[in-house]
Every structure is written in C-alpha cells, then in structure tokens.
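Given next are the chains, with one letter for each unit.
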Amino acid sequence: MSLPKIEETIGGYNFTWEREQIAIEVTRLKIHSDGRVTGEVLISTRAPGYSPHLHQAQFNFSSTRSRRDLARTLEERYEKLADWGTILEQLSVYTLERVRRGEPVVELWTEEDTAPPEYLLEPLILKNYPTIIFGDPSTAKSTVALILAQIMMLPWRDNPLGLSAPERPVRCLFLDYETDPQTLRWLLTKLQRGMDLPPLFLHYRHCALPLAQDADQVHRHIHDTGAEVIIIDSLGLACGGQLKEAEPALAFFSALRQLKATSMILAHTAKNPETKKRTVFGSVFFEAQARSIWEICKRQDPGEDDMDVALYHRKPPPFQKLCQPIGLHIKHGPD
C-alpha cells in the first residue's frame, strides 16, 4: 500500500494514491466545539474500467465508525479497486494531523528597509486586509464600489475622487449577493459613457451560499481571474445566519482570511437608540475584525438625478490615523 501525495488547498486537501490510482478531495472542513473534524470527501479514480467518479459524502474524520461504514460501502461497490480501510485510515490520520497543526511558526526580525503596510488605493483599500464600507440602504454603496474598482483596474489616474491610482492594473472580483449581472453591467456602462472612459470590465460572480460554505469555489475564481481584490456586496448575505451572533461573523472572517486577498465589504447600518452611534449592523466582531471602516452617507432631493455622497472614516487601521472625509457628486443621466 503506497502513501498518499497530499496537496493543500484553500479549504482542505487533495490526496492522491498513485499506485492505486485513487484521489480524494477533502473540502469544507470544520472543527466542532467537541473536537470533531468533519468535511466533505469526493472520491475518484483513474483506473481503467471504472467511472472516474466513485463517491461523494459528508465524513467525520474523528470517527472510527464513519471510516468503517464508508469503507464497507466502497468495498461493496469497488472491492477489487483498493484497500479502502487503509486508504480511509490514512486519509483521516493525515487530515486530522494537518488541521490541528495549523500554520508553522516563523521568526520575525527587525530590518532597516522594512516597508509599512501597503495601500492598493490610499486611504481606502488596504492591501491584504478587509475594509468595510457601511451605510443605509440606497446610499450608492455599489456604485461607489464600482468606481473604486475601476480606479484600481484601469488604473484611472485622473479619477474624480482625486485618489492616487495604483501604478499597475489591479484586478477585482465582484461577489454579488444582492443584484444581478445586468444591473452591474448597466452601471459600468453609465460610468464609462459619463466619464468618457475606455471600455470597462469587471470579473463578476453571482453568489448565493455564505462565504464560509463557498470559500473553495471563490478561491478557484480568485486564482483563475488573477484578482487581488474581492468586493463583497453585501456582508449580511455573505455571512448568513443570525448577524448579531458571534459565530457567523467569526466563520465569515475565518473564511475570508483563508482566501488571502484584499477585500472591500459593503454592509448595512445599525442604529443604537441610546448613543445614536451608527455602526455596522450585526455582531461587534464585524467591526473588531475589519482593519478599516468607512461610513457612506448620501443626500439627494426627491425627484433629483444628482446626489452628494460622503465617506467618513470610522475606524483606522492600527498603524494609521483617521482620514479626512471624502466627498463626491454623482449625476445619473438617461444614458
């Protein structure tokens, strides 16, 4: 019996037994409060005479009974293909060992030329960290996010916000939980025509599952598109569950951290009736885990196409000060 080749992925591992021509993809790993480790396994083969797909199931890596039951199922269907008991024992042992080991310890030394944290779009988008932009419904959050994305993607150096565009194009992936591709395409087209820009594009994905359940697929799209920034519209649906509870918030940020991408997260407003303070709706962990938070406000008279939008810095990164407010005037024409 050969030992498996193991490749780490964003949300799990790929196991390959070369001699037996068996591959098992492990995804959606979860460590439970009682210590159990569960996930999804997708078992396939390259052996001649068999369909490539063999089996897919939820699996408890910590349970001897689960290993025995799954081995019995596979032996009934593919008895001569492999020693399923040994394969599943190796799968469980190596998965548990890696999940519980976590990231390695590294040594950090002071250096004379150490650079400060980098902005992709200063002072709004901090590289490798999550930035939240929150506000009331219909405050042009999506429109502003598209403008910021195009400043980074073109790069748009003479942009109307006067922001310093990056030196090179920075690709963005828009994860849309609220609208549809036609709406985003319409907004992009209006921006291009109104500002006399070259043809614009945006990597777009319609989303339904909470990010914690969809991280593997999102990571593949980040890799395939070369995106450095993901735009999440919006936090509530991307998080799922009861937003005022800690668990959904922690699961969301844990998944986000595994993606290892810069993020711009659009969120809604909570109003505290006692302090009148406006904060991100939901658990306090949303504000605690975000590295920078901006509040967006809009003023628009009824029936008017013009609007004034302001961005107020509510939480600075640990190594920065609060920034001055940023304002812009948006006029929507018929085309």
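Q: Could you give an account of the sheet that holds strand β5 (residues 53-60), with specific residues and numbers?
A: In sheet architecture, strand pairing relies on hydrogen bonds along the backbone and comes in two forms, parallel and antiparallel. Read across the open sheet, the five strands follow the order β1-β2-β3-β4-β5; overall the sheet is antiparallel. Edge positions in the sheet fall to β1 (5-8) and β5, since each of these pairs with one other strand and no more. Neighbour-to-neighbour, the strand axes of the sheet open up by a mean angle of 15°, direction not taken into account.

Q: If you had to explain the pairing of strand β15 (residues 306-315) to someone new, which residues and values would you point to?
A: Here strand β14 (residues 292-299) runs beside β15; their pairing, made up of seven bridges, is antiparallel. Pairing of Ile296 across the sheet is with Leu311, part of β15. Counted along the chain from β14 to the antiparallel partner β15, the turn is six residues long, and its residue Gly303 has a positive phi close to 85°. Pairing of β15 with strand β16 (residues 326-331), which is carried by six bridges, proceeds in the antiparallel orientation. Paired with Asp308 across the two strands is His329, which belongs to β16.

Q: Which residues make up a negative patch on the surface, and what are the values?
A: Residues Glu75, Glu76, Glu79 and Asp83 make up a contiguous surface patch of negative charge. Inspection of the secondary structure puts Glu79 in the loop between α1 (64-78) and α2 (84-101). On the basis of relative accessibility, which here comes to 61%, the residue Glu79 falls in the exposed class.

Q: Could you give an account of α2, naming the residues involved and the relevant values?
A: Counting along an α-helix, one turn takes 3.6 residues, and residues three or four places apart therefore face a common direction. Compared with an ideal rise of 1.5 Å per residue, which puts 18 residues at 26 Å, α2 spans 25 Å between its outermost C-alpha atoms and is within 8% of the ideal. Within the sequence span of α2, burial applies to Trp84, Ile87, Leu88, Gln90, Leu91, Ser92, Thr95, Leu96 and Val99. Turning to α2, the residues buried within the fold contact β2 (13-17), β3 (22-31), β4 (37-45), β5 and α1. Following α2 by one or two positions, Gly102 has its phi on the positive side, about 70°.

Cut-offs applied
Residues numbered from 1 in each chain as written. Predicted model: local features only at pLDDT ≥ 70, side-chain atom pairs only at ≥ 80, totals over all residues. Heavy atoms only, no water. Pairing = 2+ DSSP bridges. Helix = DSSP H or I, 4+ residues; strand = E, 2+ residues; numbered from the N terminus. Axes fitted to C-alpha atoms, helices over the stretch in contact; angles between N-to-C directions. Patch = residues over 30% accessible without salt bridge, like charges linked within 9 Å, V, L, I, M, F, W, Y side chains within 5 Å. Areas by Shrake-Rupley, 256 points an atom, 1.4 Å probe, with all protein chains shown as cover. Salt bridge = Lys/Arg side-chain N within 4 Å of Asp/Glu carboxyl O. Lys, Arg positive; Asp, Glu negative; His and termini not counted. Charge placed at Lys NZ, Arg CZ, Asp CG, Glu CD. Buried < 20%, exposed > 50% of the residue type's maximum accessible area, 1.4 Å probe, protein only. Expected span 1.5 Å × (residues − 1). Contact = heavy atoms within 4.5 Å.

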